[in-house]
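# Chain and residue survey
Residues per chain are reported as follows:
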Amino acid sequence: MADVAHLPGLFEQIWLVAGLRWRILRNNMKNKNRVWDVIGVVISSVVGIVFVAGIAILVFVGTVAFLNDRHEARFGLLFWGFFLWWQVLPIFVAGFSPSFSFRSLLRFPLKFSAFYSIGLAYGLADSAALASLVWLVTMVVAAMVTRISVAPAMILASALFVVVNVTLERLIGSWLEKILAKRKAREIFLALFVLFIVGVQFIGPAIQKYGKSPRPDLAKIVRYARPSPPSLAGELIAGAAAGDSATAGIGAAGLAGYAVLLGGLLFFRYRDQFRGEELSETVAPARAAAKSVVPVRDAAGPELRLLPVTVAAVLGKEFRYLFRNGFVATALFFPPMLVLLFSMQFGGAHPTTKHAISPDLFFPGMMAYLTLILMAPSFNSFAYESRGMQTYFMLPVRFRDILMAKNLVTLAILTGEIASCVALLKWRVGLPPSPIFFATICALIFAVTGQLTIANWSSLKFPKKMEFGKMQGNRQSGMAVLVAFGSQLVFATTCGLVLFVGRIGNNPWLPMEIFLWLAAAAVAGYIAALDPLTKLAEEKKESILDALMK
């Protein structure tokens with residue numbers, strides 16, 4: 001059949017794949033939840049667009065200044081900034097990148113040349129790549145406006161720089177995909193990465209506190225960095241501006257050599273994928289061991305037997321999910337480490353900053369920050385249910401019990417994290433006076449309970465499927481993120497105003513009294529909302545299952 005059928009050409013194949021992706025996006029937009037998700041992502045992207053535009057203005061001004069002041073050698077610094085942004089940012093935003101799997105292209109009868117070309121083009125669709133392209137175009141425009149003679153070298157350097165970065169980013173991503181194909185490898189990699197990132201944060205405060213910061217030898221750093229792509233791009237422009245054809249030729253040849261080398265390595269990597277490389281982590285078949293049926297109350301453990309059967313069962317399942325998900329379990333170490341870091345910088349007897357923050361402000365601020373971090377997953381609490389979500393609708397259980405169990409897990413995590421962080425703050429900074437301490441605790445009860453009600457509504461209204469042990473494509477729903485941000489902003493503002501009233505008033509216990517009333521109202525609202533949320537779950541059953549089971 002392959003000998004008879006006429007395969008389309010390279011550009012036609014690329015156009016067909018692009019058209020298929022557009023049709024998939026258009027069909028997904030017919031789903032109401034997808035529409036809200038896209039709207040939320042678009043609104044959230046406005047901040048990123050403003051940031052990119054602001055940096056573009058700075059790049060334009062910097063390029064004009066370098067060319068007018070004859071400091072073309074400093075262009076290497078700009079290219080270094082673009083290089084680090086292009087290669088490092090995708091690691092931090094991997095969970096928010098598009099969930100389309102590049103390997104799914106292998107389902108189609110593509111030529112290898114089309115597969116390779118689409119792979120490179122896919123690298124240009126990344127947010128970091130698009131921002132870098134905008135900044136590079138801004139540099140070229142600034143060169144055309146300021147000194148047209150440097151514009152050809154700027155265009156050549158930018159074009160070669162783009163090819164090098166695209167091939168390097170796709171090569172790194174492809175190898176990471178192979179290395180991290182196993183869930184255990186992904187979790188180990190994430191743990192090491194998190195420890196490295198957090199450990200780096202402690203270097204600056206430790207140096208400032210225990211010793212003088214060593215002055216780096218900039219001449220050696222520049223000399224060692226000369227063979228790198230950003231430095232070669234800077235040399236190409238500097239040589240062209242100074243009329244030094246040898247320096248410009250070395251820069252152009254170096255960039256071209258990097259492009260050829262990285263392109264060749266990417267060629268062999270994509271060739272293995274094209275030939276059917278299998279990265280599955282499916283477990284080999286084995287005889288299943290017979291398991292005895294244990295009553296739910298006995299399986300839940302003695303500490304959960306006081307709860308209703310449904311709540312105890314879901315609660316036990318949620319804790320198993322928590323320890324099964326290495327990414328989420330690792331994130332539980334963040335709050336204490338961040339408290340320790342911030343206390344070294346802004347509090348204690350010997351802070352690294354000139355002006356230490358008093359415990360009266362530091363303690364409420366850290367409690368608000370911890371709530372901001374730990375409450376975020378509750379706004380999509382059914383994310384990891386997947387096909388198990390249909391069990392909730394098949395069994396004779398009430399959704400109020402399911403929501404209560406999930407909320408109890410959140411409260412247990414919050415209680416443990418806040419208790420450990422309070423102990424750290426007492427050791428490092430000291431606790432505030434009793435009125436502020438108890439007012440902050442009451443404010444936490446009010447804010448957490450009020451947010452749980454909104455989070456339950458958001459979880460049913462804007463569900464988004466996520467997978468265990470996966471970072472790529474595991475992002476929250478756009479509308480869920482906006483709802484979480486809006487609710488946290490409202491509660492933080494309310495709590496801040498109440499604490500401010502206590503500071504300017506004569507009654508130091510007034511904020512605690514106000515928060516007690518607000519907490520009582522939040523608890524009453526939470527209980528009253530459980531039955532309406534149960535009805536909402538039944539009404540949204542089809543859309544919830546559609547979002548979580550596919």
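Everything quoted here is computed from the prediction, not taken from an experiment.

## Notes on the nonpolar core
Counting residues in hydrophobic clusters, the biggest one holds 41 residues, and the most contacted among them are Phe75, Phe79, Phe82, Leu136 and Met139. Those elements that provide at least two residues to this core are helix 2 (32–68), helix 3 (75–92), helix 4 (112–124), helix 5 (127–146), helix 6 (151–179), helix 9 (229–242) and helix 10 (245–274). Broken down by element, the residue count for this core peaks at ten residues, all from helix 6. If you look at the next biggest cluster of nonpolar residues, it comprises 21 residues, including Met389, Phe393, Leu460 and Met549.

## A look at the confidence of the model for the protein
Chain-level statistics for the protein give a pLDDT mean of 76 and a share of 69% at 70 or above. A low-confidence stretch, residues 1–5 (pLDDT under 50), is modelled with zero contacts involving residues beyond four sequence positions or located in other chains. The low-confidence segment residues 95–99, where pLDDT is below 50, has ten contacts with residues more than four positions distant or belonging to other chains.

## Some remarks on a nonpolar patch on the surface
Nonpolar side chains collect at one region of the surface, where Val137, Val141, Met144, Val145, Ile148 and Ile155 lie side by side and expose about 550 Å² of accessible area between them. Among the structural elements, Ile155 can be located in helix 6.

## Quick notes on the packing of aromatic side chains
Working definition: an aromatic ring pair is given by the centre-to-centre distance plus the angle between the planes. The final tally for this structure, using the stated rule, is 19 aromatic pairs. Here Phe382 and Phe399 contribute two aromatic rings whose centre-to-centre distance is 6.0 Å and whose plane-to-plane angle is 55°, an arrangement assigned as tilted. On the criterion of sequence distance, the pair formed by Phe382 in the loop between helix 15 (359–375) and helix 16 (389–394) and Phe399 in helix 17 (residues 399–428) is long-range, its members being 17 residues apart. Residue Phe382 shares its accessibility class with Phe399, and that shared class is buried. Taken together, the ring pairs in this structure connect Phe51, Phe79, Phe82, Trp85, Trp135 and Phe161 into an aromatic cluster.

## Overview of the packing of helix 5 against helix 6
Interhelical geometry of helix 5 versus helix 6 gives an angle of 170° and a closest axis separation of 9 Å. Between helix 5 and helix 6, the interaxial angle falls into the category roughly antiparallel. Of the residues in helix 6, those touching helix 5 at Leu133, Leu136, Met139, Val140, Ala143 and Met144 are Ala151, Met154, Ile155, Ser158, Phe161 and Val162. Looking at the contact of helix 5 with helix 6 residue by residue, the classes come out as eleven nonpolar, one polar and no charged.

## Focus: the pattern of salt bridges
Considering all chains together, one arrives at six salt bridges under this definition. Its salt-bridge partner being Glu318, residue Lys406 comes within 2.5 Å of it at the nearest N-O pair. With Lys406 in helix 17 and Glu318 in helix 12 (residues 309–324), this residue pair connects regions lying 88 residues apart in the sequence. Two residues, Asp401 and Arg398, come together in a salt bridge whose shortest N-O distance is 3.8 Å. Taking the relative accessible area as the measure of exposure, Asp401 reaches 10% and is therefore buried. Within the structure, one salt-bridge network assembled from shared partners comprises Lys317, Glu318, Glu385 and Lys406.

## Digging into the side chain of Thr371
Mapped onto the fold, Thr371 is located in helix 15. Judged by relative accessible area, which is 7%, Thr371 ranks as buried. A polar atom in the side chain of Thr371 sits 2.9 Å from the backbone oxygen of Met367.

## Brief notes about the packing of helix 12 against helix 17
Axis separation between helix 12 and helix 17 bottoms out at 8 Å; the angle between their running directions is 45°. The orientation of helix 12 with respect to helix 17, classified from their angle, is oblique. For the crossing formed where helix 12 meets helix 17, the hand is right-handed. Here Thr310, Val311, Val314, Leu315, Lys317, Glu318, Phe319 and Leu322 of helix 12 lie close against helix 17, whose contacting residues are Asp401, Ile402, Ala405, Lys406, Leu408, Val409, Ala412 and Ile413.

Calculation rules
- Residues numbered from 1 in each chain as written.
- Predicted model: local features only at pLDDT ≥ 70, side-chain atom pairs only at ≥ 80, totals over all residues.
- Heavy atoms only, no water.
- Core = buried A, V, L, I, M, F, W, Y, C linked by side-chain atoms within 4.5 Å.
- Buried < 20%, exposed > 50% of the residue type's maximum accessible area, 1.4 Å probe, protein only.
- Helix = DSSP H or I, 4+ residues; strand = E, 2+ residues; numbered from the N terminus.
- pLDDT = per-residue confidence, 0-100.
- Contact = heavy atoms within 4.5 Å.
- Patch = residues over 30% accessible without salt bridge, like charges linked within 9 Å, V, L, I, M, F, W, Y side chains within 5 Å.
- Areas by Shrake-Rupley, 256 points an atom, 1.4 Å probe, with all protein chains shown as cover.
- Salt bridge = Lys/Arg side-chain N within 4 Å of Asp/Glu carboxyl O.
- Phe/Tyr/Trp six-rings, centres within 6.5 Å; stacked < 30°, edge-to-face > 60°.
- Axes fitted to C-alpha atoms, helices over the stretch in contact; angles between N-to-C directions.
- Parallel < 35°, antiparallel > 145°, perpendicular 65-115°, else oblique.
- Nonpolar A, V, L, I, M, F, W, Y, C, P; charged D, E, K, R; others polar.
- Polar contact = N/O pair within 3.5 Å; in protein donor to acceptor, adjacent residues only side chain to side chain.
- Left-handed = near helix turned anticlockwise from the far one by under 90°.

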